[in-house]
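The residues making up each chain are set out below.
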Amino acid sequence: NAGVTQTPKFRILKIGQSMTLQCTQDMNHNYMYWYRQDPGMGLKLIYYSVGAGITDKGEVPNGYNVSRSTTEDFPLRLELAAPSQTSVYFCASVKGRGGYNEQFFGPGTRLTVL
Amino acid sequence: GEDVEQSLFLSVREGDSSVINCTYTDSSSTYLYWYKQEPGAGLQLLTYIFSNMDMKQDQRLTVLLNKKDKHLSLRIADTQTGDSAIYFCAENRQGGSYIPTFGRGTSLIVHP
């Protein structure tokens, strides 16, 4: 298994541009998540999904959109990029069948908005 | 206040023990986790403890859970420079969607 993969690894955007961060998992996990990590601030949940076709907002959803058309893929869309969206973005997944649930994380996408 | 709290920094000498502390607020949490994040990488599960346990040991790692005080700690024995990383505490609340709550992370710096 490749686990959770994310592309791209790095990206620089200009203010107002848009982009899609890709996330794929090959573990047949039900739950998928997008987090952003700013220095010293831990992880902030942007959006999550409990299965294909179902998504919901997390703590900091403004400026982002997601879709989940398949179990494997959970892309994150940034429209009208702003400097406040400069961050490291992590995608994660979990089987989500109650009890012990290890979250598997991708390697991250480092985004700079100038 | 935050649901899961951790101190932000810990500095130790190589060979000493490190103790990273965490407090949480939800008494219904069934599992508590420690994740490790090495520089430039994503988080990776280090260890976990079920809420009906007081202690769990795994090689150099010891997890202690005090449910009365809602306090969790991670002890790393014989700390090595390779243990330098950010350590996150996370809780898994019972029922509903699985949305773990993470602390802000403790940066462990190991000096030679």
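These remarks concern the structure in this document.

A tally of helices and strands in chain B yields zero helices and 11 strands. Ordered by position in the sequence, the α and β elements of chain B form the string β-β-β-β-β-β-β-β-β-β-β. In terms of overall dimensions, chain B is globule-like: its C-alpha atoms have a radius of gyration of 14 Å, near the 13 Å expected for 112 residues. Each principal axis of the C-alpha atoms in chain B carries an extent, and together these give about 45 × 30 × 25 Å. When each of the 112 residues of chain B is scored for burial, the buried share is 46%. Sequence-distant contacts in chain B: of pairs separated by 6 or more residues, those separated by 24 or more amount to 56%. Roughly 5,500 Å² of accessible area belongs to chain B as shown, and the carbon and sulfur atoms make up 47% of that amount. For chain B, the distance from the average site of its 10 positive side-chain charges to the average site of its 13 negative ones is 2 Å.

Now for the interface of chain B and chain A. Taken together, the 21 residues of chain B in the interface contact 22 residues of chain A. At the boundary of chain B with chain A, total buried surface from both sides reaches about 1,700 Å², with 60% on carbon and sulfur atoms. Applying the counting criterion to the chain B and chain A interface returns zero salt bridges. Between chain B and chain A we count seven residue pairs in polar contact (both at pLDDT 80 or more) in total. Among the elements of the structure, β4 (31–37), β5 (43–50) and β9 (85–92) of chain B are those that each provide at least two residues to the side of chain B that touches chain A. The element best represented in the side of chain B that touches chain A is β4 of chain B, accounting for four residues. Class assignment for the residues of the side of chain B that touches chain A results in 13 nonpolar, seven polar and one charged.

Here we come to the pairing of strand β5 (residues 43–51) of chain A. Residues and elements named next belong to chain A. Counting buried residues along β5, seven of its nine residues qualify, which places the element largely inside the surrounding structure. Pairing of strand β4 (residues 31–37) with β5 involves six bridges; the strand directions are antiparallel. Note on β5: the bridge partner recorded for Y35 is L45. Linking β4 back to β5 in an antiparallel pair, the connection comprises five residues, with G40 at a positive phi of about 70°. As defined by bridge partners, β5 adjoins strand β6 (residues 54–57) across four bridges and the pair is classed as antiparallel.

Turning our attention to the pairing of strand β11 (residues 109–113) of chain A. All names here are of chain A. Going residue by residue along β11, you find T109, L111 and V113 tucked away on one face and R110 and T112 left uncovered on the opposite face. Two strands pair when backbone bridges link them, and strand β2 (residues 10–13) and β11 are joined in this way by four bridges, in the parallel orientation. Across the sheet, the residue bridging to F10 is R110, located in β11. Pairing analysis gives three bridges linking strand β9 (residues 87–94) to β11, with the strands arranged antiparallel. The residue bridging S87 from the neighbouring strand is L111, located in β11.

Residue and element names in this part refer to chain B. Overall, antiparallel pairing links the five strands, which are arranged β1-β3-β8-β7-β6 in an open sheet. One side of each edge strand has no neighbouring strand; the edge strands of this open sheet are β1 (4–6) and β6 (55–58). Taking the axes of each pair of neighbouring strands and ignoring which way they run, one obtains an average angle of 15° across the sheet.

For the rest of this paragraph, the subject is the sheet that holds strand β8 (residues 76–78) of chain A. Residue and element names in this part refer to chain A. Pairing in this open sheet of four strands is antiparallel, and the strands run β1-β3-β8-β7 from one edge to the other. Edge positions in the sheet fall to β1 (4–7) and β7 (64–66), since each has one partner strand and no second. When the angles between neighbouring strand axes are averaged without regard to direction, this sheet yields 20°.

Criteria and cut-off values
Position numbers for residues start from 1 in each chain and track the written sequence from start to end. Chains carry letters from A onward and ligands carry numbers from 1 onward, assigned in written order. Given that this is a predicted model, residues contribute local features only at a pLDDT of at least 70 and side-chain atom pairs are listed and counted only at 80 or more, while totals for whole chains, interfaces and linings are drawn from all residues. Excluding hydrogens and water, the side-chain values take into account all heavy atoms of the structure. Numbering of helices and strands runs from the N terminus; a helix is a DSSP stretch of H or I covering at least four residues, while a strand is a stretch of E covering at least two. Between the two quantities, the radius of gyration covers C-alpha atoms and the globule rule is 2.2 Å times the number of residues to the power 0.38. Buried residues are those whose accessible area, probed at 1.4 Å on protein chains only, stays under 20% of the maximum for their type, while exposed residues exceed 50% and partly exposed ones sit between those limits. Whether two residues touch is decided by their heavy atoms; if any such pair falls within 4.5 Å, the residues are in contact. We get accessible surface area from the Shrake-Rupley algorithm with a probe of 1.4 Å; when it comes to residues, only the shown protein chains can shield them. When charges are counted, neither His nor the chain ends are considered; positive counts come from Lys and Arg and negative counts from Asp and Glu. Charge coordinates come from a single atom per side chain, which is NZ of Lys, CZ of Arg, CG of Asp or CD of Glu. As a working definition, buried area equals the accessible area (1.4 Å probe) given up by two parts on being put together, with both sides summed. The rule for a salt bridge is simple: a side-chain nitrogen of Lys or Arg has to be within 4 Å of a carboxyl oxygen of Asp or Glu. Between N or O atoms, a polar contact is any pair within 3.5 Å; within protein, one atom must be a potential hydrogen donor and the other a potential acceptor, and residues adjacent in sequence are included only when both atoms are from side chains. Lys, Arg, Asp and Glu make up the charged group, whereas Ala, Val, Leu, Ile, Met, Phe, Trp, Tyr, Cys and Pro make up the nonpolar group; the residues left over, Gly among them, are polar. Between any two strands, pairing holds if DSSP finds at least two bridges. For every element, the axis is a line fit to its C-alpha atoms; helices are fit only across the contacting stretch, and the angle between N-to-C directions ranges from 0 to 180 degrees.

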